[in-house]
Amino acid sequence: MQIKDLALATGVDIETIRYYEKQGLLPEPPRRDNGYRSYEAEHVQRLSFIRHCRALDMPLADVNRLLGFVDKPDTHCGDVDVLVDDQLARVRARLKSMRALEKQLLQLRSRCSGSGEAQHCGILDELVSAAHEESCVCHPR
């Protein structure tokens, strides 16, 4: 299949496929006599694996390490657990950060009812204060 067919089969855009090839995550396919790349079922499977890992927000370096385990199935898989545990820790840290951000936005949102003029908007007042490096409801000093 051609690269456009691989893209359709996996939901990965063509430029991303080429990027993965350049990064060594996806082996470059053989070329036909006409110069077109000829992708096979193995490319679909590998690209689908990469896509799934990326959907879990795994960094490409970790995806590459996981592919190493896929390529060498006799390897001990303890490091796979470590990679997933590390990703889980990153996700938990982001969740904590997102909860803090939600709290700040809720505090900011509480400053305006949305029924007045912009010149009396509590949200805008708070954002202007913050822009002047003054304390604001979402970033108290």
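Look up: the structure comes first, before these words.
Residues numbered from 1 in each chain as written. Predicted model: local features only at pLDDT ≥ 70, side-chain atom pairs only at ≥ 80, totals over all residues. Heavy atoms only, no water.

(A) Structural view of unusual backbone geometry. Although it is not a glycine, D57 adopts a positive phi angle of roughly 65 degrees. Within the fold, D57 resides in the loop between α3 (41-55) and α4 (60-71). With a relative accessible area of 37%, D57 lands in the partly exposed category. Here E133, not a glycine, exhibits a phi torsion of approximately 60 degrees, which is positive. (Helix = DSSP H or I, 4+ residues; strand = E, 2+ residues; numbered from the N terminus. Buried < 20%, exposed > 50% of the residue type's maximum accessible area, 1.4 Å probe, protein only.)

(B) Expanded view of the side chain of Q87. Note on placement: Q87 falls in helix α5 (residues 78-109). Taking relative accessible area as the criterion, Q87 reaches 5% and is therefore assigned buried. Beyond its immediate stretch of four places on either side in the chain, Q87 contacts L56, D57, M58 and P59. (Contact = heavy atoms within 4.5 Å.)

(C) Structural context of the packing of aromatic side chains. Within the structure shown, the criterion is met by 1 aromatic pair. Taking 6.3 Å as the distance between ring centres and 55 degrees as the angle between the ring planes, the aromatic pair formed by Y19 and Y20 counts as tilted. Using a relative accessible area of 40% as the deciding quantity, one classes Y19 as partly exposed. Take Y20: its relative accessible area is 7%, and that puts it in the buried class. (Phe/Tyr/Trp six-rings, centres within 6.5 Å; stacked < 30°, edge-to-face > 60°.)

(D) Spatial organisation of the environment of Q23. Within the secondary structure layout, Q23 lies in the loop between α2 (14-22) and α3. It is 21 Å that separates the C-alpha atoms of Q23 and M1, two residues lying 22 residues apart in sequence.

(E) Structural context of the nonpolar core. One finds L6, I17, Y20, L26, L47, I50 and V63 to be the most contacted residues of the largest nonpolar core, which totals 18 residues. Sorting the residues of this core by element identifies α1 (3-10), α2, α3 and α4 as the ones contributing at least two each. Among all residues touching L6, those that are not within four sequence positions of it are M1, I17, L26, Y39, H43, V44 and L47. (Core = buried A, V, L, I, M, F, W, Y, C linked by side-chain atoms within 4.5 Å.)

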